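Structure assessment
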Amino acid sequence: MTIEDLTRLQFAVTTLYHYLFVPLSISLALFTALLQTAHLRRTRRGGDDTYGRLSLLVGKLLMTTFAVGVVTGLVQEFQFGLSWSSFARFYGDVFGPTLAVEGMLAFFLEATFLGLWWFGRDRLPALVHLGTIWVVAVGTAISAFVILAANSFMQNPVAYTIDAQTGRARLGSFRELLLNEVNLAAFPHTYAGAVMAGGALVMAVGVWHLLRGQYGEDTAEFAAFRTLSRFGAWATLAGGGLVAVSGDVLGKVITQVQPMKMAAAEALYRTTTGAPFSIFSYAPLGSDRPTFSLEVPGFLSFLAKGSFTAQVLGLKDLQDAYAAQFGPGDYVPWIPVAFWSFRLMIGVGMFAVLVAAAHLWVSRRSRVLRPDHRLAQGLLWSVGLLPLLPLAANSFGWIFTETARQPWLVFGLFRTADGVSPGLTFAEVAASLAAFTLVYGALAVVWVKLAFRLVRKGLPQLPPPAPTEADAGSDTGSDAGFATTY
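Predicted, not measured: the structure shown is a model, and the values here were computed from it. (Residues numbered from 1 in each chain as written. Predicted model: local features only at pLDDT ≥ 70, side-chain atom pairs only at ≥ 80, totals over all residues. Heavy atoms only, no water.)

1. What about the layout of surface pockets?
Approximately 1100 Å³ is the volume attributed to the second largest pocket. Mapped onto the lining of the second largest pocket, the elements with two or more residues apiece are α4 (126-155), α6 (181-212), α7 (220-257), α8 (259-266), β4 (277-282), α9 (299-305), α11 (335-362) and α13 (388-403). Here the lining of the second largest pocket is built from residues that sort into 24 nonpolar, 15 polar and 3 charged. (1 Å grid on protein atoms, 1.4 Å probe; cavity = no way out; pocket = protein on both sides within 12 Å on 5 of 7 lines; lining within 4 Å. Points joined across faces, edges and corners; volume = space filled by probe spheres on them. Helix = DSSP H or I, 4+ residues; strand = E, 2+ residues; numbered from the N terminus. Nonpolar A, V, L, I, M, F, W, Y, C, P; charged D, E, K, R; others polar.)

2. Side note on the packing of aromatic side chains
Counted by the stated rule, this structure contains 33 aromatic pairs. Seen from their ring centres, Phe-80 and Phe-87 are 5.9 Å apart, and the 70 degrees between their planes marks the pair as edge-to-face. A relative accessible area of 1% means that Phe-87 is categorised as buried. Taking the centre distance of 5.3 Å and the plane angle of 90 degrees together, the rings of Phe-145 and Phe-187 count as edge-to-face. Taken together, the residues span a long stretch of sequence, with Phe-145 in helix α4 and Phe-187 in helix α6 at a distance of 42 residues. Clustering of aromatic rings is evident, with ring pairs tying together Phe-80, Phe-87, Phe-90, Tyr-91, Phe-95, Phe-153, Tyr-160 and Phe-414. Over the face of the ring belonging to Phe-302 we find Lys-252, whose NZ or CZ atom lies 4.8 Å from the ring centre. Taking the ring centre of Phe-277 as reference, the NZ or CZ of Arg-343 above it sits at 4.5 Å. (Phe/Tyr/Trp six-rings, centres within 6.5 Å; stacked < 30°, edge-to-face > 60°. Buried < 20%, exposed > 50% of the residue type's maximum accessible area, 1.4 Å probe, protein only. Lys NZ or Arg CZ within 6 Å of the ring centre and 35° of its normal.)

3. Some thoughts on empty space enclosed by the protein
Picture a little ball the size of a water molecule; that probe, rolled over the atoms, points out where space is still empty. Within the structure shown, the criterion is met by 1 cavity of 30 Å³ or more. Put simply, the largest cavity is a space of about 40 Å³. Every residue along the wall of the largest cavity is listed here: Gln-258, Met-260, Lys-261, Tyr-322, Tyr-331, Ala-404, Arg-405, Gln-406, Pro-407, Trp-408 and Phe-411. Classifying every residue of the lining of the largest cavity gives 7 nonpolar, 2 polar and 2 charged.

4. Notes on a positive patch on the surface
A cluster of basic side chains, namely Arg-212, Lys-449, Arg-453, Arg-456 and Lys-457, defines a positive patch on the protein surface. Of all the elements, helix α14 (residues 426-456) adds the most residues to the positive patch, at 3 residues. Mapping Arg-453 onto the fold places it in helix α14. (Patch = residues over 30% accessible without salt bridge, like charges linked within 9 Å, V, L, I, M, F, W, Y side chains within 5 Å. Areas by Shrake-Rupley, 256 points an atom, 1.4 Å probe, with all protein chains shown as cover. Salt bridge = Lys/Arg side-chain N within 4 Å of Asp/Glu carboxyl O. Lys, Arg positive; Asp, Glu negative; His and termini not counted. Charge placed at Lys NZ, Arg CZ, Asp CG, Glu CD.)

5. Considering the environment of Leu-443
Within the secondary structure, Leu-443 is located in helix α14. A relative accessible area of 15% means that Leu-443 is categorised as buried. Separated by 372 residues in sequence, Leu-443 and Val-71 have C-alpha atoms that sit 8.9 Å apart.

6. Regarding the environment of Val-368
Relative to the helices and strands, Val-368 resides in the loop between α11 and α12 (374-382). On a C-alpha basis, the gap between Val-368 and Glu-217 in space is 8.7 Å, while along the polypeptide they are 151 residues apart. Val-368 has contacts with Glu-217, Phe-222 and Arg-226, leaving out every residue within four places of it along the chain. (Contact = heavy atoms within 4.5 Å.)

7. Some details on the confidence of the model for the protein chain
Mean pLDDT over the protein chain works out to 88, with 93% of the residues at or above the 70 mark. Of all helices and strands in the protein chain, the one with the weakest mean pLDDT is helix α15 (residues 469-476) (51), whereas helix α10 (residues 315-326) scores best (95). (pLDDT = per-residue confidence, 0-100.)

8. Looking at the side chain of Glu-266
Position of Glu-266 among the secondary structure elements: in helix α8. Excluding residues within four positions of it along the chain, Glu-266 makes contact with Pro-276, Phe-277, Ser-278, Leu-300, Phe-339 and Arg-343.

9. Looking at the side chain of Asp-163
Examined against the element boundaries, Asp-163 turns out to sit in the loop between β1 (160-162) and β2 (169-171). A polar side-chain atom of Asp-163 sits 3.1 Å from the main-chain amide nitrogen of Thr-166. (Polar contact = N/O pair within 3.5 Å; in protein donor to acceptor, adjacent residues only side chain to side chain.)

10. Examining α14
The end-to-end C-alpha distance of α14, which contains 31 residues, comes to 44 Å, matching closely the 45 Å that a straight helix rising 1.5 Å per residue would cover. All of the buried residues along α14 are Val-429, Ser-432, Leu-433, Phe-436, Tyr-440, Leu-443, Trp-447, Ala-451, Leu-454 and Val-455. Where α14 is buried, its residues meet α1 (3-44), α2 (50-83) and α6. With its phi angle positive at about 85 degrees, Gly-458 sits one or two positions after the end of α14. (Expected span 1.5 Å × (residues − 1).)

Structure below.
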């Protein structure tokens, strides 16, 4: 293994681990805001506080996840500066503004308003308190959009010029960087994947409480966790639908800007009209023909260009074209990783959607799955794996996105081999990778213990509402108007 290989492994470990918490933070912020909005509407109509208690439970999970996500993000940036300084020197003028905006949003806007939401629950008026969590939800979405623009530049470089003296990329237009066609397609796809991840987590929390049998079917807690489980299932289902639609759009954009990536996804070595898509295929390493393949005729052409009879360029023709354009070299990514990560991304994500659909069917209308049912006992033991399905699909998606772009860091502009920090030794990379892994392992244990403790406690009680002008008026005997509090 070379220093480049080990540095890439280090980047993969830090980035994939960090990305376990990012989609959960995005979606849990949205869910907390939605549940608290529902609570406010319900209590104004004289309803109970079920949605308020659910929003507090989901919000506590958000607080824990957000904190770990910030720490892992700092480690990732430290890793980037340690091991990829040559790339940072080339790319810094483009990457810097996006990192600055994302850092300001995460550390100031989101963290500040998350603090206001947490400490202001019994101090702020209801609508103001609700506004704080919506600011967090919108802030996480903007943060994701901005940081995806930086990655989209690596997929499809736009809005830049190359400084003739320094050889560095200089940003020409921040607006054009944000409106990169890859970013416009990748953001809804990524956000929908985040909704799936959060949906599966809260669905698992609800199902786990329902199947433990600790609450009677006539209790408020049972009804609340049934609501939470179905809310999470609907979120997973809706997120899955949006992932499919946005993934189709993203696939066509990627085919235009990186045709090698789409050819690698199918291991399509020869240019083909009406190219098939393999559900499963086996070929010996080094072979360009499968010995067994289960295919959907024309489907790769549809995914790439929207027509079942369109022509898709093959790896060999693209290799020849890239060699003529960029000079001698191997421009074909590692095919087994691209091929299988693409299928695992789709397959695992679809399985999560099927589980969500099955839960909605089993719990339709007023039906419940009895805790003593054999199926329920099996689900209770496997429910811990449920949140991992969308997270695994997200990770496989990023593995495909980053590995199928190789040998480029910035497609067509900057090679991966040129980005490693000069003077970096194998021992330094290995030692830092071991240190990052230990830190991440400790953080994983902390997050799992904290999250499980929050979930096991059940529904939290809402604190007393903030005093209102009406209360003050009542104390002094005045007729002050009614003001809603949370």
